[in-house]
Amino acid sequence: MPQVEFPTQSETDIVVIGAGPNGLIAAAYLTAAGFEVTVVERRYEIGGGLATEEILFPHHYANTHASYHFMVDYLPPISDFHLEGEGLRFHKPHGQMGAVVGDDYVYLTNKLEDSRDYLARFGLDQADVFGNLVQRFTKIVEDILAPATYLPPDPPVDLIEALGRTQVGEDMLEVSEQSALELLDSYPLADSIKATLLYMACQWGVMPTESGMGFIVPLLLTRGMEKACIYGGSHRLASALARVILQRGGLIIDNAEVTEITTEDGRANGVVLEDGQAITARVGVLSSLDPKTTFVKLMDPAAVPAEVAQAAEGWAFDKWSLLSVFFALDRKPTFKANDANGMIGLPDPFMTLLGFDSTDDVVSFLTGIERGEITKVAGHFTCESAFDPFLSQKQGEHVAFFQMPAPYDFDWEGEQDRIVAEVIALLDTHFEGFAASVLDTVVENPKTIEQRLPNMVRGSIKHGDYNPLQMGYNRPNTECSSTKTPIEGLYLCGASVFPGGMVIGGPGYNAARMVCADTETKFPFDYPLNVKRYLATYFPEGKE
Amino acid sequence: MIAEQRIQDAAGTGRPAVEVGNGGRMPRRSSYDFVVAGGGPNGLTIAAYLAKWGFSVCVLEARPEIGGGAENVEPIPGYSVDPHACFFYGRGAPGLEQLELGKYGFRTSPAPGNFIAGPSGAAGGADRSMKMDSIDQFLEMGFDVDSAKLGLEFQQKLKARLPEFLRSLYWTPPYDHRWGVAREEHPSVKIFKEVFPAWDDSMLDMSLYEWIELMGVPDPQKCGMMINAWGNGPHPCWKGMAIPAFGVGELMSYVDGMPVTPVGGMHALAHAMARCAIANGAKIFVNSPVSEVLVEDGQAYGVRVDDNSALQEKTIRANLGVILNMHVKQLPELVTRGSFTPDFIQKIDNLSLKGGSLFVTNFVVNEFPRFAAVPEIDGRPVTSTVLNADTPRLLELMRDVHSFRTHPTDPDHFAGVWYICHGAHDRSRVRGGNGNYVLTLNLQVPAPEDHRDGPDAVNRAKDEIVATLKAQLREYAPNMTEDKFVATFVNTPRDSEIRNMAFVGGNWMGMRESEQEWGQNKPLPELARYRTPVDGLYLCHQTSHPGGLVLMAVPYNLMHILHEDYEAVSKTTPDWWYPSPWHITDKEGAR
Ligand SMILES: Cc1cc2nc3c(=O)[nH]c(=O)nc-3n(C[C@H](O)[C@H](O)[C@H](O)COP(=O)(O)OP(=O)(O)OC[C@H]3O[C@@H](n4cnc5c(N)ncnc54)[C@H](O)[C@@H]3O)c2cc1C
Ligand SMILES: Cc1cc2nc3c(=O)[nH]c(=O)nc-3n(C[C@H](O)[C@H](O)[C@H](O)COP(=O)(O)OP(=O)(O)OC[C@H]3O[C@@H](n4cnc5c(N)ncnc54)[C@H](O)[C@@H]3O)c2cc1C
């Protein structure tokens with residue numbers, strides 16, 4: 001019987017819940033390993049955070065969620081599946097950050113010496129301090145943080161012992177103890193530069209004063225100067241991964257919300273969709289959703305061990321979310337030249353930071369956000385169509401967005417209009433005739449993020465808070481951080497599992513490897529070179 | 001170093017062509033057996049057919065998304081709207097089973113509670129097109145006794161042969177005009193003659209309107225049938241189009257007399273088509289506008305894509321053929337200069353775009369519209385209907401649109417407005433909140449180029465038209481006060497035209513479906529068999545027979561032609577393929 005409609009009963013080896021970057025990466029590897037995989041996605045489009053949609057309807061597209069891609073140089077699926085070229089192209093703007101802090105303009109590029117040339121305006125010593133900082137952080141990232149993204153986490157004792165083997169490792173341990181602010185404070189940097197770096201390190205949800213989060217600084221500073229956009233929109237990465245899955249016989253079903261993960265004799269054996277279709281999984285189920293949704297909402301309580309359920313209940317969602325204001329514009333915004341610093345005629349940076357006066361200002365702003373207050377309007381801006389002509393379907397017109405950390409618990413209904421007016425006023429002071437050029441405005445606040453992607457509970461862009469209790473070996477808890485859960489056949493593969501959120505691919509990659517290891521299936525690719533080097537250096541006797 | 005560079009260049013990736021792992025590197029081909037320009041439903045379907053048949057296929061789509069007229073957007077969180085198509089009429093398509101779209105996730109959802117509303121809030125009648133099995137039902141609708149008898153007999157005979165009738169009409173390649181096949185010899189006419197009890201040959205010249213009059217169909221059913229035709233293809237007043245215009249109505253009620261939407265919206269169908277194609281090895285690239293179809297010595301050998309495309313290769317070669325999923329009016333600009341005679345180009349210029357320009361309104365509402373005069377149809381609340389189904393009004397609207405070349409400004413001319421409530425039967429469309437729905441209301445307006453006040457006239461009138469539509473809905477569903485409307489998204493023909501280069505004239509069906517521009521004449525007699533004057537260049541767009549709607553019919557028909565033209569196609573005929581039983585090959589036809 002030819003299948004004219006998707007069947008109510010079907011069977012596959014592996015079901016992956018959620019077609020965000022992590023679900024797709026896991027599915028791509030598992031299909032390549034020879035498994036029959038079915039990915040089920042709740043929305044009408046796959047991609048999760050990789051969304052490029054016509055929200056400025058009609059004619060203007062925007063990357064509703066992820067726009068800045070920090071890890072494209074490392075993401076294993078890009079090289080393993082040769083994704084680049086086949087309609088997928090990354091574009092790394094030279095100017096990465098242009099921050100207006102008080103009267104200063106801090107311009108950072110993806111070439112260290114160019115950044116240093118611009119920073120030397122604040123004094124030659126500043127260029128040197130910055131150079132030293134970047135060199136130190138780059139080592140930590142290249143040798144440790146980047147490769148460790150694609151390996152399961154280690155218990156703290158083991159990690160300390162392993163990292164103790166090299167100087168860079170020792171340094172990494174030292175950095176990790178500190179808070180982002182402490183770490184940056186240890187450098188004699190001009191305040192405007194420090195404010196810029198602190199924002200870059202903390203904008204996605206880290207408190208500057210939180211100890212034990214220092215490692216985020218090297219990661220987000222060095223990668224923050226290597227951000228890429230995806231030509232044609234972030235969604236292209238999802239499409240490229242989907243193609244890998246489909247070409248290898250995998251299935252992707254959209255408009256299909258999973259309402260239950262089924263178990264039999266303590267083993268996860270499939271899912272049920274909202275319309276009642278049951279998909280049986282012979283090998284296992286991978287959930288890219290947060291632990292609370294996975295273990296509490298979708299599973300029969302009797303099938304979940306008490307300590308897992310308890311840990312899931314205690315899961316803390318992101319301490320803040322984001323507010324994005326998307327614009328369709330009748331022209332490209334032109335930055336008003338900052339004469340005081342003579343920074344005229346620099347190419348548009350990928351990210352422009354606006355609204356802060358000082359490092360203290362950044363700290364108090366974020367402290368306010370954490371408390372649920374928006375003390376001022378400040379954040380980052382990108383004119384996406386300046387780098388990607390396809391986002392505007394009308395010639396000469398542009399799309400841009402302003403984004404800032406924002407609390408979930410906030411009177412969005414009452415306050416949003418005022419805040420958006422302030423955003424436009426801020427942009428108008430920095431871009432020629434900005435307010436007059438606005439054709440259409442669409443606002444995505446933490447609540448609307450949750451409406452589009454309910455798995456981003458409370459607008460959690462990382463599916464769960466970044467704090468020392470929820471990072472590393474603890475993400476989401478010690479039982480599950482390897483991606484394998486105490487429930488046989490059930491794996492976690494989303495941003496809530498180590499190493500965490502953003503489009504970094506670690507959770508999906510690690511989960512796919514874990515399934516292969518558990519089923520004694522050969523993983524079809526070698527580790528990337530940097531991971532091999534990391535393993536050889538820090539785990540010469542092998543890793544658990 | 002140089003050697004390494006060469007390897008990289010050859011690989012076209014800038015990466016060493018050395019395998020890491022055994023993940024099966026796809027060859028970096030810039031040449032395929034077939035290149036399909038355009039990723040609309042017809043382009044995706046032909047790609048799926050060819051890929052499943054075993055050919056290498058590449059689809060190049062200009063927009064950031066595949067799907068053409070089958071797209072969805074979520075302009076506010078949780079609500080998915082269809083800017084263009086929303087009803088699925090292709091349930092009888094051979095392609096659904098040949099390509100096994102269900103395997104790729106495709107599901108449909110019938111919209112129950114369908115009826116045709118009389119003017120100004122009047123109850124009208126239930127649309128039971130295929131469910132009428134007693135004289136009484138006809139009499140209840142206002143037929144006189146003789147017409148009721150005729151209607152019932154016709155209905156019963158047709159029911160038994162409906163799939164066959166529709167396949168002969170849609171899923172059969174048109175015959176070459178040079179064969180001189182008489183009109184009454186066409187398979188759909190033959191079947192119609194057999195099922196219609198009062199056939200006489202003069203019906204071949206009739207318009208649907210004339211035929212309905214003859215049948216004694218009363219309003220609002222009469223107007224419902226007319227708007228069905230206007231909204232789905234052959235205009236009810238176009239001469240000689242009674243049978244095809246009747247046929248489109250039957251497409252709509254194919255499944256239990258109910259309109260059907262794909263679960264998740266029309267784009268879900270495009271996804272299933274694309275996934276089928278990809279699973280069978282096709283490559284689909286978006287953001288890749290084709291800027292030229294390359295022709296040498298009268299033979300198409302590939303396409304060039306716009307320099308902005310994300311593809312590394314800007315020239316994509318086609319070893320066997322280039323297939324255009326584009327409006328026939330795009331041909332002269334796209335194909336290498338000098339490939340067509342001025343005469344031929346003139347004929348293309350002369351093709352009319354009238355007949356298919358829709359003003360699409362999508363409302364997000366926070367309450368289910370309750371139709372006061374019709375609480376229930378067959379035990380279900382109304383979810384789909386035609387508002388103001390009143391023939392005199394509809395005739396006024398037709399004159400506004402086609403004769404006076406303007407959108408209606410008199411509220412009394414807003415007739416035959418299509419209405420569907422998404423979310424009542426498919427919750428995946430309205431995840432934003434319980435009790436919220438997406439309504440689609442479609443009104444006929446002139447093609448932008450034809451509007452007497454210029455191509456932007458309808459866009460300028462957006463607010464007024466929306467206000468009238470809302471007021472009209474309130475006449476039926478008084479609970480729909482202004483506060484029930486959460487958001488409004490309008491897509492005008494002008495907007496369609498901007499978002500999709502193939503929607504020339506914003507025309508949803510491509511171009512006029514009149515007798516001179518239909519079947520063996522569509523879009524021109526010399527193009528009717530999907531071939532073009534350029535060898536290896538084929539048309540696969542709704543401007544070819546059988547025209548608009550997402551039916552997977554143009555590609556199915558085209559497969560017959562490719563089967564004739566390419567030995568590579570005919571010698572590998574797979575077991576899942578079956579041709580139309582009425583297909584006549586060129587060899588047979590020429591005899
Ligand atoms: C506004 C915003 C801006 C961001 N900017 C950036 C950025 O610039 N750079 C960056 O790297 N990251 C950014 N992020 C973060 C990034 O998008 C996420 O961390 C990342 O997408 C997480 O990937 P994931 O695959 O784990 O989960 P997700 O991307 O959240 O995907 C999960 C998928 O599961 C689906 N799903 C949910 N429930 C169900 C169910 N019951 N059944 C089936 N499917 C279900 C969802 O629809 C979704 O598609 C941003 C996020 C937001 C919200
Ligand atoms: C308002 C409206 C309502 C409709 N309602 C319905 C309905 O309810 N049910 C139904 O079945 N049908 C409906 N239709 C009709 C349906 O959408 C069309 O019949 C169908 O989309 C035609 O498919 P196609 O593949 O032939 O062309 P298209 O859908 O137009 O696809 C052509 C594709 O080619 C691409 N293209 C154009 N030029 C180039 C180029 N140079 N290079 C690369 N790509 C290019 C376009 O971007 C597009 O994606 C509606 C249409 C409209 C406009």
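None of these values were measured; they are calculated from a predicted model.

What should I look at first to understand the overall build of chain B in this one?
In terms of helices and strands, chain B carries 19 helices and 18 strands. Here the C-alpha radius of gyration of chain B, 24 Å, is about what a compact globule of 591 residues would show, namely 25 Å. Along the three orthogonal principal directions, the C-alpha set of chain B runs to about 85 × 60 × 45 Å. By sequence separation, contacts in chain B at least 24 residues apart represent 72% of the contacts at least 6 residues apart. Summed over its atoms, the accessible surface of chain B is roughly 20,000 Å², and 49% of this surface lies on carbon and sulfur atoms. Treating the 55 positive side-chain charges of chain B as one cloud and the 71 negative ones as another, the clouds have centres 5 Å apart.

Would you mind going over the environment of Glu-479 of chain A with me for this structure?
Residue and element names in this part refer to chain A. Position of Glu-479 among the secondary structure elements: in the loop between helix 16 (446-452) and strand 18 (490-492). Note on Glu-479: relative accessible area 35%, which makes it partly exposed. Taking the C-alpha atoms as reference points, Glu-479 and Ala-27, 452 residues apart in sequence, are found 23 Å from one another. Once residues within four sequence positions are removed from consideration, Glu-479 is found in contact with Glu-307, Lys-484, Thr-485 and Pro-486.

Would you mind showing me how to read the state of the cysteines here?
Here a disulfide denotes one covalent bond, and it connects the sulfur atoms of two cysteines. Residues and elements named next belong to chain B. Evaluation of the coordinates by the stated rule reveals zero disulfides over all chains. Here Cys-237 is not disulfide-linked; the sulfur of Cys-223 is the nearest cysteine sulfur, at 11 Å. Lacking any disulfide linkage, Cys-421 is separated from the closest cysteine sulfur, that of Cys-86, by 11 Å. Overall, the relative accessible area of 0% leaves Cys-421 in the buried class.

Before we go on, may I ask you to explain the sheet that holds strand 13 (residues 321-329) of chain A in this structure?
Through backbone hydrogen bonds, the strands of a sheet pair up, either in parallel or in antiparallel fashion. Residue and element names in this part refer to chain A. If you trace the seven strands from one edge of the open sheet to the other, you get 7-6-14-15-16-13-17, paired in mixed fashion. Two strands in the sheet have a free side with no partner beyond their single neighbour: strand 7 (104-109) and strand 17 (438-444). Within the sheet, the average angular offset between the axes of one strand and its neighbour, ignoring direction, is 20°. By the bridge criterion, six bridges tie strand 6 (residues 95-101) to strand 7 in an arrangement that is antiparallel. In the strand pairing of strand 7, Val-101 is matched with Asp-104. Packed onto the sheet, helix 14 (residues 412-430) meets strand 6, strand 13, strand 14 (351-356), strand 15 (379-382), strand 16 (398-406) and strand 17 and runs at close to 60° relative to strand 13.

Can you help me understand the environment of Gln-520 of chain B in this one?
All names here are of chain B. With respect to the helices and strands, Gln-520 occurs in the loop between helix 16 (493-499) and strand 18 (537-539). In this structure Gln-520 comes out as partly exposed when scored by relative accessible area, which is 22%. Residues contacting Gln-520, with those up to four places away along its chain left out, are Pro-174, Tyr-175, Asp-176, His-177, His-186, Pro-525 and Ala-528.

Please clarify how the interface of chain A and chain B should be interpreted in this entry.
Quoted interface sizes are often the accessible area lost when the parts come together. In this complex, chain A contributes 56 residues to the contact, which on the side of chain B involves 63 residues. Both sides of the chain A and chain B interface together cover about 5,400 Å² of buried area, and 50% of this is carbon and sulfur. Taken as a group, Tyr-44, Phe-57 and His-82 of chain A account for 13% of the area that chain A buries against chain B, more than any other trio of residues on that side. Counting across the chain A and chain B interface gives eight salt bridges. Between Arg-452 of chain A and Glu-74 of chain B there is a salt bridge; the shortest N-O distance is 3.5 Å. Where chain A packs against chain B, one counts 29 residue pairs in polar contact (both at pLDDT 80 or more).

What exactly am I supposed to notice about the side chain of Asp-290 of chain A here?
All names here are of chain A. Mapped onto the elements of the fold, Asp-290 is located in the loop between strand 12 (278-287) and helix 11 (291-297). Buried within the structure, Asp-290 lacks any salt-bridge partner; Lys-292 is the closest side chain of opposite charge, at an N-O distance of 7.2 Å. The residues contacting Asp-290, other than those within four sequence positions of it, are Trp-315, Phe-317, Asn-455, Val-457, His-463 and Ser-496.

Got a minute to help me understand the site of ligand 1 in this structure?
All names here are of chain A. Taken together, 37 residues surround ligand 1, and among them Glu-41, Gly-49, Tyr-68, Ile-461 and Met-502 come closest. Gly-48 places a polar main-chain atom, nitrogen or oxygen, 3.4 Å from an oxygen atom of ligand 1. In isolation ligand 1 has 990 Å² of accessible area, and contact with the protein removes 99% of it. When grouped by side-chain class, the residues that make up the shell around ligand 1 number 19 nonpolar, 14 polar and four charged.

Criteria and cut-off values
Residues numbered from 1 in each chain as written. Chains lettered and ligands numbered in written order. Predicted model: local features only at pLDDT ≥ 70, side-chain atom pairs only at ≥ 80, totals over all residues. Heavy atoms only, no water. Helix = DSSP H or I, 4+ residues; strand = E, 2+ residues; numbered from the N terminus. Rg over C-alpha atoms; globule rule 2.2 N^0.38 Å. Contact = heavy atoms within 4.5 Å. Areas by Shrake-Rupley, 256 points an atom, 1.4 Å probe, with all protein chains shown as cover. Lys, Arg positive; Asp, Glu negative; His and termini not counted. Charge placed at Lys NZ, Arg CZ, Asp CG, Glu CD. Buried < 20%, exposed > 50% of the residue type's maximum accessible area, 1.4 Å probe, protein only. Disulfide = S-S within 2.5 Å. Pairing = 2+ DSSP bridges. Axes fitted to C-alpha atoms, helices over the stretch in contact; angles between N-to-C directions. Buried area = accessible area lost by both parts, 1.4 Å probe. Salt bridge = Lys/Arg side-chain N within 4 Å of Asp/Glu carboxyl O. Polar contact = N/O pair within 3.5 Å; in protein donor to acceptor, adjacent residues only side chain to side chain. Near = heavy atom within 4 Å. Nonpolar A, V, L, I, M, F, W, Y, C, P; charged D, E, K, R; others polar.

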